[in-house]
Amino acid sequence: MHEMSVTESMLGVVLRHAESNKATSVTRINIVLGEFSTVMPESVQFYFDIIGKDTIAEGAELNFRRTKLASRCKDCGKEFEVVEYDFTCTKCKGENTEIISGREFQVESIEID
Ligand SMILES: [Zn+2]
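Notes on the structure in this doc start here.

Cut-off values and rules
Residues numbered from 1 in each chain as written. Predicted model: local features only at pLDDT ≥ 70, side-chain atom pairs only at ≥ 80, totals over all residues. Heavy atoms only, no water. Helix = DSSP H or I, 4+ residues; strand = E, 2+ residues; numbered from the N terminus. Rg over C-alpha atoms; globule rule 2.2 N^0.38 Å. Contact = heavy atoms within 4.5 Å. Areas by Shrake-Rupley, 256 points an atom, 1.4 Å probe, with all protein chains shown as cover. Lys, Arg positive; Asp, Glu negative; His and termini not counted. Charge placed at Lys NZ, Arg CZ, Asp CG, Glu CD. Pairing = 2+ DSSP bridges. Phe/Tyr/Trp six-rings, centres within 6.5 Å; stacked < 30°, edge-to-face > 60°. Buried < 20%, exposed > 50% of the residue type's maximum accessible area, 1.4 Å probe, protein only.

## A word on the overall build of the protein chain
Broken down by element type, the protein chain carries two helices and six strands. Helices and strands appear in the protein chain in the N-to-C order α-β-α-β-β-β-β-β. For the protein chain, the C-alpha radius of gyration of 17 Å lies well beyond 13 Å, the compact-globule estimate for 113 residues. Projected onto its principal axes, the C-alpha coordinates of the protein chain cover approximately 55 × 30 × 15 Å. Sequence separation of at least 24 residues holds for 71% of the intrachain contacts in the protein chain that already meet a minimum separation of 6. By element, 48% of the accessible surface of the protein chain is carried by carbon and sulfur atoms, the whole surface being about 6,900 Å². When the 13 basic and 20 acidic side-chain charges of the protein chain are each reduced to a single mean position, those positions are 6 Å apart.

If you want it as structure tokens, here you go:
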């Protein structure tokens, strides 16, 4: 059920954007999906086919771009890709790091007619 609400809010963003651009149909939706996200692309597609029906986004192609899990060191500012859940800074070996990508699910852009 998680993906259903995610898909609903995604569709909301897409429709608002399409309407403000006076689109008659949405042909493609480009989505950024972190590799560490729990969202399954197949489930989003499944729910999109149901909720998107009878909207101008019906039949739009969903394109997922996967992003790697990445972290930033709060001590030295180094940004690095996290490999095998090792969050240690690759530059200063500090452990004071925060995740900056890899968990996102967001609409990057849409293509409209
Ligand atoms: Zn560091």
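Structure shown, so let's carry the discussion forward.
## What about the pairing of strand β3 (residues 70-73)?
Note that β3 and strand β4 (residues 79-81) share three bridges and pair antiparallel. Looking at β4, one finds that Ala70 is bridged to Glu81. Between β3 and the antiparallel strand that follows it, β4, lie five residues; Gly77 among them carries a positive phi value of about 85 degrees.

## Remarks on the packing of aromatic side chains
Taken as a whole and assessed by the stated rule, the structure comprises two aromatic pairs. Between Phe36 and Tyr85, the ring centres sit 5.5 Å apart and the planes meet at 50 degrees, which makes this aromatic pair tilted. Of this pair, Phe36 sits in the loop between β1 (26-34) and α2 (41-51) while Tyr85 sits in the loop between β4 and β5 (97-101), and the two are 49 residues apart along the sequence. For the ring pair Phe46 and Tyr47, a centre distance of 5.2 Å and an interplane angle of 75 degrees mean the geometry is edge-to-face. Under the relative-accessibility criterion, Tyr47 is labelled buried at 16%.

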